[in-house]
Amino acid sequence: MNPFEQAPPTLGNQYDDDRVLRSYLSRVLPPDVFIQIEESLSEMGHLAGGELYALQLADRLNEPALTQWDAWGNRIDKIELTPLWHRAERIAAEHGVVATAYEQKHGSLSRVHQCALAYLFTPSTDIYSCPLAMTDGAARTLLNSGNQVLIDRAVPHLITRDTDEFWTAGQWMTELTGGSDVGLSETIAKQEPGSNAFRLYGRKWFTSAIASQMALTLARPEGNPPGGRGLALLYLETRDEHGRPRNIQIHRLKDKLGTRKVPTAELTLDGTPAQLVKSPTDGVRNIAPLLNITRLWNGISAVSLMRRGLALSFDYARKRVAFGAPLSEKPLHVDTLATLQAEFEAAFHLAFYVAELTGRSETREISDDDALLLRLLTPIMKLTTGKQAVMVASEVLESFGGAGYVEDTGLPVLLRDSQVLPIWEGTTNVLALDTLRALQSAHGIPRLGLRRFEEVVLGCLENVSEPRLAEAAGVVQSALDHAMSWLAEARADALEAGARRFSLTLGRTIELALLIKHAQWSLDDQAIKSAQRFASIGVDVIFLSTDYTP
Ligand code: MFK
């Protein structure tokens, strides 16, 4: 027998063990709502730490497979998903990981409930959050479009809990011309003579979750001008009643760094039937609701992956003995994890704050000012939490020493999967530019959203009486002042060059403000310490830079 055996990290009920989630929910939910939803969260926490986590480890080497031809020479383009994803689909439908947001049993707070379910579900399902995010975004986009035919056709499938009826949706935007400047898209939409139906011709270069039953996509109706305005948003169903692709050829699945369970395809649309969702123009504007929902999911996934890494790392620290004591008794190790915990807690409060605003927007209980704030905070939250997730995942792996670098611990996937979060759904730089765009004038008043941002941040500090939070509140105030004065003084070229640093400063500043607000409300010792630590790491990343010529 081996004289040295290392106990692996294990997970308990991921809801019961989550101080941050439980404490947050007890602040934002009325007590009766909290009681009503807790059972669903505990069930999901039980699955995430038990059956799904075990299946995830067992499924580690499986990947989706594309079969292009059958034995008789017929093109079939069949995708086989892995056992984990089959199970994840059923659990997602049955537990309403999308549906909860649309059932609205608790009004706008149903979005918070749904994000809490997604947060618990995501880290044990190898990014099954991708098809769910697009499904959620497609449901929201169709509902907003007012296209009753498509709403009646697709939305019931997207938001059902019935596993036999459940559909997922794709979001097909990226072409050979790239994923950021979508206005360059080359796919053509040809109108069928004498009807409102279209057929699509073009090549999509990065279509995530290709096993979905439907997709929302962009294409240019013949004769339309170039750019995003000349594109149209279209709805298509991927397969006919016999399961055959509708004039879609799947060339290959992408060989990606991470998200390897997600079947992401290169494909050609060769006369695929499609219908206009809204107008024959303004495709970028019309697909924006989908982008904003998937960006919310991106942030919720970021905090959920941080939380998973930390749950494993804290558990391991109690078991792993080195230099004569468990790591959990080693001051430097504990200090390192505490810094990661602070990053996670700060990110958590921002992601869920955006969920609260999204919920109020969906039930139309949002003020005009808060709608502008939501438009501004969605890119800020997505870009800030994406960066934090990669940093935390990298440090989590290091906290395991060599084991964190070894595949069959199940740990390296945390870093690979986190690395997609700052890339897809808008890179950090593209979203930093979107942040500047969102600041432009509304109702003829420039930077109105920023004024509301300032009000909300300062509002978080209003009732701070806990002396241990005073210094952190000062850090918020000075970062906010610096961001505002930088913006007021920056010329156009400096504004663009500094957009990332500015957006990250706004993101980290509001994260700290929300964390202080929560720590003051809960007077929870850990939350107070996390706020102090996050403040001491620093939130202001605007600094003067000299010009750089590559
Ligand atoms: C775990 C989570 C999982 C998520 C899984 C998803 C997997 C899917 C994988 C992918 O698809 S990755 C590729 C995703 N691609 C992107 O996210 C696109 C990134 N690029 C941008 O976001 C650019 O900013 C953008 C394409 C929108 C710029 O294009 P344009 O043509 O220069 O658009 P413009 O002029 O900025 O905006 C056109 C209109 O849309 C404007 O409105 P008006 O026509 O009224 O002036 C904008 O205000 C509006 N708009 C743009 N972005 C918006 C928006 N409105 C609301 N919210 C937004 N985010």
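Check the entry above for the structure.
These remarks concern the structure in this document.

A word on the overall build of the protein chain. For the protein chain, the helix and strand inventory stands at 18 helices and 11 strands. The C-alpha atoms of the protein chain give a radius of gyration of 24 Å, which matches the 24 Å a tight globule of 550 residues would have. When the backbone C-alpha atoms are referred to their principal axes, the protein chain occupies close to 70 × 70 × 55 Å. The buried share of the protein chain, reckoned over its 550 residues, is 56%. Put simply, 75% of the contacts in the protein chain that link residues at least 6 apart link residues at least 24 apart. Working note: accessible area of the protein chain is about 23,200 Å², and carbon and sulfur atoms make up 52% of it.

What follows covers the pattern of salt bridges. Two side chains carrying opposite charge are able to pair once their charged atoms lie near each other. All told, the structure shown has 38 salt bridges when counted by the stated rule. When the shortest N-O distance is used, the salt bridge between aspartate 335 and arginine 533 registers 3.0 Å. With aspartate 335 in helix 10 (residues 331-362) and arginine 533 in helix 18 (residues 525-537), this residue pair connects regions lying 198 residues apart in the sequence. Among the salt bridges present, the one from aspartate 434 reaches arginine 375, with a minimum N-O distance of 2.8 Å. Remark: arginine 375 occurs in helix 11 (residues 368-399) and aspartate 434 occurs in helix 13 (residues 428-438); sequence separation between them is 59 residues. In this structure arginine 375 comes out as partly exposed when scored by relative accessible area, which is 33%.

What follows concerns helix 4 (residues 83-94). Residues separated by three or four positions in an α-helix point in the same direction, a consequence of the helix having 3.6 residues per turn. Between its terminal C-alpha atoms helix 4 stretches 17 Å, which fits the 16 Å expected from 12 residues at 1.5 Å a residue. Turning to helix 4, its buried residues number three or more, namely Leu84, Trp85, Ala88, Ile91, Ala92 and Ala93. Each element contacted by the buried residues of helix 4 is listed here: helix 2 (31-49), helix 3 (51-58), helix 6 (109-121) and helix 7 (129-145). Of the residues one or two after helix 4, glycine 96 is the one with positive phi, at around 65°.

The subject of this paragraph is the site of the ligand. Near the ligand there are 29 residues, and of these Ser180, Arg285, Asn292, Arg295 and Arg437 occur at the shortest range. The backbone of serine 180 places a nitrogen or oxygen atom 3.0 Å from a nitrogen atom of the ligand. Arginine 437 has a polar side-chain atom sitting 2.8 Å from an oxygen atom of the ligand. When the ligand is considered free in solution it has 1,200 Å² of accessible area, and contact with the protein chains removes 81% of it. Looking at the shell around the ligand, the elements that each hand over two or more residues are helix 7, helix 9 (283-319) and helix 13. Ranked by the residues each element gives to the shell around the ligand, the list is headed by helix 9, at 9 residues. Here the shell around the ligand is built from residues that sort into 11 nonpolar, 11 polar and 7 charged.

With that settled, the discussion passes to the state of the cysteines. The tally for this structure, following the rule as stated, stands at 0 disulfides. The thiol of cysteine 460 is not disulfide-bonded; the next cysteine sulfur, from cysteine 115, is found 19 Å away. You can call cysteine 460 buried: its relative accessible area is 6%.

In this structure the tally under the stated criterion is 10 aromatic pairs. On the numbers, 6.3 Å between centres and 75° between planes, the contact of phenylalanine 121 with tyrosine 128 is edge-to-face. The exposure class of phenylalanine 121 is buried, given its relative accessible area of 0%. On the basis of relative accessible area, tyrosine 128 is assigned to the buried category, the value being 2%. Each residue in the set Tyr24, Tyr119, Phe344, Phe348 and Phe352 is aromatic and connected to the rest through ring pairs, giving one cluster. The ring of tryptophan 69 has arginine 75 sitting right over it, with the charged end atom 5.1 Å from the ring centre. Between the NZ or CZ atom of arginine 501 and the centre of the ring of phenylalanine 543, over which it lies, the distance is 5.0 Å.

What follows deals with the packing of helix 10 against helix 11. Close contact between helix 10 and helix 11 brings their axes to 9 Å; oriented N to C, the two are set at 155°. Considering their axes alone, helix 10 and helix 11 lie roughly antiparallel with respect to each other. Crossing geometry of helix 10 relative to helix 11 is assigned as left-handed. Tallied by class, the residues present in the contact of helix 10 with helix 11 amount to 15 nonpolar, 8 polar and 4 charged.

What follows deals with the nonpolar core. Residues Phe121, Leu142, Met214, Leu377 and Phe453 are the most contacted members of the largest nonpolar core, which totals 173 residues. Here this core takes 16 residues from helix 9, the largest share from any one element. Contacts of leucine 377, omitting those with residues within four sequence positions, involve Leu350, Tyr353, Val354, Leu357, Phe453 and Ile510.

So, on to the packing of helix 1 (residues 19-28) against helix 2. Close contact between helix 1 and helix 2 brings their axes to 11 Å; oriented N to C, the two are set at 155°. Viewed along their axes, helix 1 and helix 2 adopt a mutual orientation that is roughly antiparallel. The handedness of the crossing between helix 1 and helix 2 is right-handed. Facing Arg22, Leu25 and Ser26 of helix 1, the residues of helix 2 in contact are Phe34, Glu38 and Leu41.

Let's shift gears to the pairing of strand 7 (residues 232-237). Where burial is concerned, most of strand 7 is hidden: 6 out of the 6 residues are buried. Side chains Ala232, Leu234 and Leu236 project from strand 7 onto one buried face, and the interleaved Leu233, Tyr235 and Glu237 project onto a second face that is buried too. Summarising the sheet, strand 6 (residues 214-221) and strand 7 pair through 6 bridges and their orientation is antiparallel. Directly across from alanine 219, in strand 7, lies its bridge partner alanine 232. Where strand 7 meets strand 9 (residues 265-276), 2 bridges bridge the pair, whose relative direction is antiparallel. Bridging from a neighbouring strand, leucine 234 pairs with leucine 276 of strand 9.

This next bit is on the side chain of serine 124. Relative to the helices and strands, serine 124 resides in the loop between helix 6 and helix 7. Here serine 124 falls in the buried class, since its relative accessible area comes to 0%. Excluding residues within four positions of it along the chain, serine 124 makes contact with Ala48, Leu52, Tyr53, Gln56, Leu84 and Arg308.

Reading guide: rules and limits
- Residues numbered from 1 in each chain as written.
- Predicted model: local features only at pLDDT ≥ 70, side-chain atom pairs only at ≥ 80, totals over all residues.
- Heavy atoms only, no water.
- Helix = DSSP H or I, 4+ residues; strand = E, 2+ residues; numbered from the N terminus.
- Rg over C-alpha atoms; globule rule 2.2 N^0.38 Å.
- Buried < 20%, exposed > 50% of the residue type's maximum accessible area, 1.4 Å probe, protein only.
- Contact = heavy atoms within 4.5 Å.
- Areas by Shrake-Rupley, 256 points an atom, 1.4 Å probe, with all protein chains shown as cover.
- Salt bridge = Lys/Arg side-chain N within 4 Å of Asp/Glu carboxyl O.
- Expected span 1.5 Å × (residues − 1).
- Near = heavy atom within 4 Å.
- Polar contact = N/O pair within 3.5 Å; in protein donor to acceptor, adjacent residues only side chain to side chain.
- Nonpolar A, V, L, I, M, F, W, Y, C, P; charged D, E, K, R; others polar.
- Disulfide = S-S within 2.5 Å.
- Phe/Tyr/Trp six-rings, centres within 6.5 Å; stacked < 30°, edge-to-face > 60°.
- Lys NZ or Arg CZ within 6 Å of the ring centre and 35° of its normal.
- Axes fitted to C-alpha atoms, helices over the stretch in contact; angles between N-to-C directions.
- Parallel < 35°, antiparallel > 145°, perpendicular 65-115°, else oblique.
- Left-handed = near helix turned anticlockwise from the far one by under 90°.
- Core = buried A, V, L, I, M, F, W, Y, C linked by side-chain atoms within 4.5 Å.
- Pairing = 2+ DSSP bridges.

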